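# Overview (structure and organization)
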Amino acid sequence: MNAPLHSNTHHAEAPPAARLREIPYNYTSFSDREIVIRFLGEGIWEILNELRSERKTGRSARMLFEVLGDLWVVTRNPYLQDDLLENPKRRKALIDALHHRIAAIDERNTGSTASDKVQKMVNAAKKAVDKFADDFRQTYDLRRKALVKFTKITRKDNVQFDGLARVSHVTDATDWRVEYPFVVLNPDTEKEIAYLVRACIELGLTVIPRGGGTGYTGGAIPLTPMSAVINTEKLDQHTGVQMRTLPGVARQVATIECGAGVVTRRAMEAATDAGLEFACDPTSADASCIGGNVAMNAGGKKAVLWGTALDNLASWRMVTPDAEWLEVERLDHNLGKFMILQSHALK
Ligand SMILES: Cc1cc2nc3c(=O)[nH]c(=O)nc-3n(C[C@H](O)[C@H](O)[C@H](O)COP(=O)(O)OP(=O)(O)OC[C@H]3O[C@@H](n4cnc5c(N)ncnc54)[C@H](O)[C@@H]3O)c2cc1C
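What you see is a predicted model; the values in this text were computed from it and never measured.

What follows concerns the overall build of the protein chain. When you go through the protein chain residue by residue, the secondary structure sums to 12 helices and 8 strands. For 347 residues, the compact-globule estimate of 2.2 N^0.38 gives 20 Å, and the protein chain exceeds it by more than 25% at 28 Å. If one aligns the C-alpha atoms of the protein chain with their principal axes, the spans along those axes are about 90 × 70 × 35 Å. When each of the 347 residues of the protein chain is scored for burial, the buried share is 39%. At a minimum sequence separation of 6, the contacts of the protein chain that also span at least 24 residues come to 60%. Here the protein chain has roughly 20,800 Å² of accessible surface; of this, 55% comes from carbon and sulfur atoms. Positive and negative charge centroids in the protein chain, built from 45 and 44 side chains respectively, lie 3 Å apart.

In structure tokens form, the structure reads like this:
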């Protein structure tokens, strides 16, 4: 139980609230400092603080924050980006308004009170708005180029640039958000993967494979806007339980051949139907995929008996970061996690 508070604590005057967020529309997990540094650089953040401690440029700082707020709200909202990409007139109106506000800060910085620091701030803000405008043009061009490349490999509707697809792939179970991906790819077949990875490399995109997005380590999170998430959810075919001979293993072994996007629960059900147990049982089994389980070496309660995902892999096929297929088969599988070594220490 919490210790009771003295009654005068309740009546004590609250200290003045610190102004944590001054950039308009910043309801994101990014601090104002991070946003200023993103758009204007670390040096400008220091200049801003110096100017504000001198208490001379409060109005100019507010105007600058309004510009950053507009840049930020669009940068963090793929739906607004789509809207502005499709409406050059609206985009031009926004960019003109941003330049207009920066010009107003510039105009205030004249005469005897003119400051080099404010000038640096203004120059950096102009550059940021120019880059913002350029990014639209580059995004437009790169989308067209990427679409041509990807549609030679996969169906057009498997290539998604839209807000919904990008928002759905910005984070995983960590809820950590850094950048929205440039594109989300949803291949229909495994065969497409190596070609898609090759195309991503040629386009300068970082490739992020994704299963169920239940990862707790942030592995599926884009860290650069130049990334392509390859969603494996359509690779959901499995063979059911099959008895096989594995290299170096004397007896037949129960196996399931799974596509990367098979939901873990489906493999567990197939094993149960055959009167067997699927050894990999993470609590996230209703949403995680076999590819994600292997990548993360997932496991659940059964790991105590039979080990985690990698202990139960007989073989796998993967595309390397160089877009080459690689097949790996385990020899002399020990069919369990624990290699029992004879120990004499406890005699
Ligand atoms: C509620 C909850 C409970 C959980 N319980 C457990 C638990 O009991 N045990 C446990 O181990 N984990 C658990 N986790 C963590 C998570 O579910 C596992 O790590 C799971 O294996 C992730 O699979 P995924 O398909 O969701 O992968 P994702 O989150 O999509 O991806 C995880 C990582 O794997 C990579 N990846 C995904 N698919 C592929 C692929 N085909 N090829 C190459 N790389 C790929 C991604 O790039 C990323 O780096 C839990 C998570 C949640 C949210």
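A word on helix α9 (residues 192-203). Between its first and last C-alpha, α9 extends 16 Å over 12 residues, near the 16 Å set by a 1.5 Å rise per residue. Burial in α9 covers these residues: E192, I193, A194, L196, V197, A199, C200 and L203. Where the residues of α9 are buried, they touch α7 (116-150), β2 (183-185), β3 (206-210), β4 (227-231), β7 (315-319) and β8 (325-329). The positive-phi residue at the C-terminal boundary of α9 is G204, with phi of around 80 degrees.

Here we take up the nonpolar core. Residues L40, L68 and L71 are the most contacted members of the largest nonpolar core, which totals 37 residues. Elements with a minimum of two residues in this core: α2 (32-40), α3 (42-53), α4 (58-75), α5 (78-86), α6 (88-108) and α7. It is α7 that provides the largest number of residues to this core, a total of 10 residues. When neighbours within four sequence positions are excluded, L71 is seen to be in contact with F39, L98, A128, V129 and F132.

Now for the sheet that holds β3. Judged by pairing direction, the sheet is mixed, and its 4 strands sit side by side in the order β1-β2-β4-β3 without closing on themselves. Each edge of the open sheet is held by one strand with a lone partner, namely β1 (159-160) and β3. Relative to β4, β3 runs parallel, the two sharing 5 bridges. Paired with R210 across the bridge in β4 is N231. Relative to β4, α9 is tilted by about 170 degrees, and along the sheet it contacts β2, β3 and β4.

Further remarks concern the site of the ligand. If you check the shell around the ligand, you find 25 residues, and the closest are P209, T214, G215, S284 and G299. One of the backbone N or O atoms of P209 is found 2.6 Å from an oxygen atom in the ligand. S284 is positioned with one of its side-chain polar atoms (N or O) 2.5 Å from an oxygen atom of the ligand. Protein contacts shield 77% of the accessible area of the ligand, which totals 980 Å² for the unbound molecule. When contributions to the shell around the ligand are tallied by element, the ones reaching two or more residues are β3 and α11 (290-296). A total of 5 residues in the shell around the ligand trace back to one element, the largest contributor, which is α11. A breakdown of the residues in the shell around the ligand according to their chemical character gives 10 nonpolar, 14 polar and 1 charged.

What follows is about the side chain of H333. Locating H333 in the fold gives a position in the segment after β8. Judged by its relative accessible area of 9%, H333 falls in the buried class. Among the polar contacts made by the side chain of H333, one reaches the main-chain carbonyl oxygen of L313 at a distance of 3.1 Å. A polar side-chain atom of H333 sits 2.9 Å from the main-chain amide nitrogen of L335.

The next thing to look at is the pairing of β4. A large share of β4 lies buried, amounting to 5 of its 5 residues. Where burial is concerned, the two faces of β4 agree: the one with S227, V229 and N231 and the one with A228 and I230 are both buried. Where β2 lies against β4, 3 bridges are found, and the strand directions are parallel. Within β4, the position partnered with V183 by the bridge is A228.

With respect to the element layout, G299 can be found in the loop between α11 and α12 (303-306). Residue classification places G299 among the partly exposed residues on the basis of a relative accessible area of 33%. Spatially, the C-alpha atoms of G299 and L310 are 9.2 Å apart, while their sequence positions differ by 11 residues. Apart from residues lying up to four places away in sequence, G299 is in contact with D281, P282 and T308.

Thresholds, definitions, all that
- Residues numbered from 1 in each chain as written.
- Predicted model: local features only at pLDDT ≥ 70, side-chain atom pairs only at ≥ 80, totals over all residues.
- Heavy atoms only, no water.
- Helix = DSSP H or I, 4+ residues; strand = E, 2+ residues; numbered from the N terminus.
- Rg over C-alpha atoms; globule rule 2.2 N^0.38 Å.
- Buried < 20%, exposed > 50% of the residue type's maximum accessible area, 1.4 Å probe, protein only.
- Contact = heavy atoms within 4.5 Å.
- Areas by Shrake-Rupley, 256 points an atom, 1.4 Å probe, with all protein chains shown as cover.
- Lys, Arg positive; Asp, Glu negative; His and termini not counted.
- Charge placed at Lys NZ, Arg CZ, Asp CG, Glu CD.
- Expected span 1.5 Å × (residues − 1).
- Core = buried A, V, L, I, M, F, W, Y, C linked by side-chain atoms within 4.5 Å.
- Pairing = 2+ DSSP bridges.
- Axes fitted to C-alpha atoms, helices over the stretch in contact; angles between N-to-C directions.
- Near = heavy atom within 4 Å.
- Polar contact = N/O pair within 3.5 Å; in protein donor to acceptor, adjacent residues only side chain to side chain.
- Nonpolar A, V, L, I, M, F, W, Y, C, P; charged D, E, K, R; others polar.

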